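Close look at the chain arrangement
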Amino acid sequence: MTYWLSHAWLGTHVEPDVVLEVSGGRIAGVRTGVETPPPGATALRGLTLPGLANAHSHAFHRALRSTVQVGSGTFWTWRETMYQVASRLTPDTYYDLARAVYAEMALAGITAVGEFHYLHHAPGGVPYDNPNAMGEALIAAAREAGIRITLLDTAYLAAGFGRRPSQYQQPDRHQLRFSDTTADAWAERAGLLKGDENTLIGAAVHSVRAVPADQLATVAQWAEQRHAPLHVHLSEQTAENDACLAAHGRTPTRLLADHGVLGPRTTGVHNTHLTGEDIELIGSTATGTCMCPTTERDLADGIGPAVALQRAGSPLSLGSDSHAVIDLFEEARAMELNERLRTRTRGHWTAAALLRAASADGHAALGRPDAGILEPGAPADLVTIALDSVRTAGPVPRLAAETAVFAASAADVRHTVVAGRHLVRDGHHASVDDVPGALARAIAALHH
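Residues numbered from 1 in each chain as written. Predicted model: local features only at pLDDT ≥ 70, side-chain atom pairs only at ≥ 80, totals over all residues. Heavy atoms only, no water.

**A look at the UniProt feature "domain: Amidohydrolase-related" (unreviewed entry) in the protein**
As recorded in UniProt, the sites labelled "domain: Amidohydrolase-related" (unreviewed entry) are residues 49–421. In residues 49–421, the share of helix is 37% and the share of strand is 17%. The end C-alpha atoms are 15 Å apart. (UniProt positions renumbered as here; feature names shortened; annotations may be inferred. Helix = DSSP H or I, 4+ residues; strand = E, 2+ residues; numbered from the N terminus.)

Set out below in structure tokens:
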């Protein structure tokens, strides 16, 4: 299969008139200076980038969009609304919702998602006959929507810290669906999950408040034995830091470090409220950082020290998390613009660095270090944005990367290609005919 790209981002610059040869779902060759599409080639007009990686997703949170914008509150009051939606999901309704959400991601140029999955069991915490029915529904949903998935099966065992280091609160009635009761039981269930050509299986620690300290190593070792990605929500809220200090006399980052959780296959999600020592621990262990700016601002979390983390050695990735919006260009833009507001200076990252966070470094965080580049041998995962929309028209093509990051939106995506398959063509999904309708029906089913 052959694609002709009117303009391509090759990691350092925009190159016009590029041909990509595809074989076996991977890029077999890259040729430049081809002024017209070769016979039989598919023309992708606009700026073609490597497919985007959404490194942090909770698919069912998409059902909260707009409904949580009524009134005021905090992260903790938002969480109660989230629990209500979670309580209504079944494997079938979760498949319907996730398929629509992942199709929305495909329309936004996202070719791989990291699904931070903790909704494991039936109401009351009773395992389904198939103990991984919910996780397998997500895997099937991604396959049907045409995007790759790293299912980050999540250990969520407790409701919070207790009064003593060895004492944790039991899960409440909502959290019973999340809990396997012990890390060993979690590992046994998660070990039954199977990957495939579209699916990688990884692990996650929900947070230091949800996995007792003496069980953190079990999760870390499970991931280590499988060379799998390991993710963890880290210091999103100051209340978590305060409770961890009270219970253990150390920060969440130090607690994770002391139990072997940090390392180059680990990604801390949010990493918002950190000490200088925390930043050094994360950077020196090459632990990644996944920033989710649209969710962090939506939940009033705060602005994390992304610049300092990257300088310390932590690779940056991006996620849409609660799906207040699904737009990786907005996530990239917001990371830079948040830093401008915080520091009152401009230009903390180049457009190239922000695109890397949205693509190559995000894919690496999801266990695919060969993805996110337009080079021979890489997966043939592409996204093309229009350069002639009302948002993107005007700038010269050599500034198309800056246009993508600082002006474009998900609405400008014209084409998405996954493993060489033309999944989104001229803004239309090839296998999910009516994505807005699918979203509306799936969400309405949860609110009745």
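That shown, we press on.
**Observations regarding the environment of Thr 350**
Secondary-structure assignment places Thr 350 in the loop between α11 (328–343) and α12 (351–358). Sequence-wise, Thr 350 and Ala 401 are 51 residues apart; in three dimensions their C-alpha atoms are separated by 9.4 Å. At a separation of 3.0 Å, a polar atom in the side chain of Thr 350 contacts the main-chain amide nitrogen of Ala 353. (Polar contact = N/O pair within 3.5 Å; in protein donor to acceptor, adjacent residues only side chain to side chain.)

**With respect to the packing of helix α2 (residues 91–107) against helix α15 (residues 435–447)**
To describe two helices that pack against each other, one gives the angle between their axes and the distance between the axes. Where α2 meets α15, the closest approach of the two axes is 9 Å, and the angle between their N-to-C directions is 145°. The way α2 lies across α15 gives a crossing that is left-handed. Residues Thr 93, Asp 96, Leu 97, Ala 100, Val 101, Ala 103, Glu 104 and Leu 107 of α2 pack against Val 435, Ala 438, Leu 439, Ala 442, Ile 443 and Leu 446 of α15. Split by residue class, the contact of α2 with α15 holds 11 nonpolar, 1 polar and 2 charged. (Axes fitted to C-alpha atoms, helices over the stretch in contact; angles between N-to-C directions. Left-handed = near helix turned anticlockwise from the far one by under 90°. Contact = heavy atoms within 4.5 Å. Nonpolar A, V, L, I, M, F, W, Y, C, P; charged D, E, K, R; others polar.)

**Examining helix α3 (residues 133–145)**
Its 13 residues place the ends of α3 18 Å apart at the C-alpha level, agreeing with the 18 Å of an ideal helix rising 1.5 Å per residue. The buried fraction of α3 is high, at 10 of 13 residues. Every buried residue of α3 is accounted for by Ala 133, Met 134, Gly 135, Ala 137, Leu 138, Ile 139, Ala 140, Ala 141, Ala 142 and Ala 145. The positive-phi residue at the C-terminal boundary of α3 is Gly 146, with phi of around 90°. (Expected span 1.5 Å × (residues − 1). Buried < 20%, exposed > 50% of the residue type's maximum accessible area, 1.4 Å probe, protein only.)

**Here's the deal with the environment of Leu 387**
Relative to the helices and strands, Leu 387 resides in the loop between β15 (382–385) and α14 (400–406). Here Leu 387 falls in the partly exposed class, since its relative accessible area comes to 22%. The spacing of Leu 387 and Ile 201 is 186 residues in sequence and 36 Å in space, taken between C-alpha atoms. Beyond its immediate stretch of four places on either side in the chain, Leu 387 contacts His 7, Gly 46, Leu 47, Thr 392, Ala 393 and Ala 400.

**Observations concerning the packing of aromatic side chains**
All chains considered together, the criterion is met by 8 aromatic pairs. Taking the centre distance of 6.1 Å and the plane angle of 75° together, the rings of Phe 60 and Tyr 94 count as edge-to-face. One end of the pair, Phe 60, is in the loop between β5 (52–57) and α1 (75–86); the other, Tyr 94, is in helix α2, with 34 residues separating them in the sequence. The pair formed by Phe 60 and Tyr 94 is uniform in burial state, with each residue classed as buried. (Phe/Tyr/Trp six-rings, centres within 6.5 Å; stacked < 30°, edge-to-face > 60°.)

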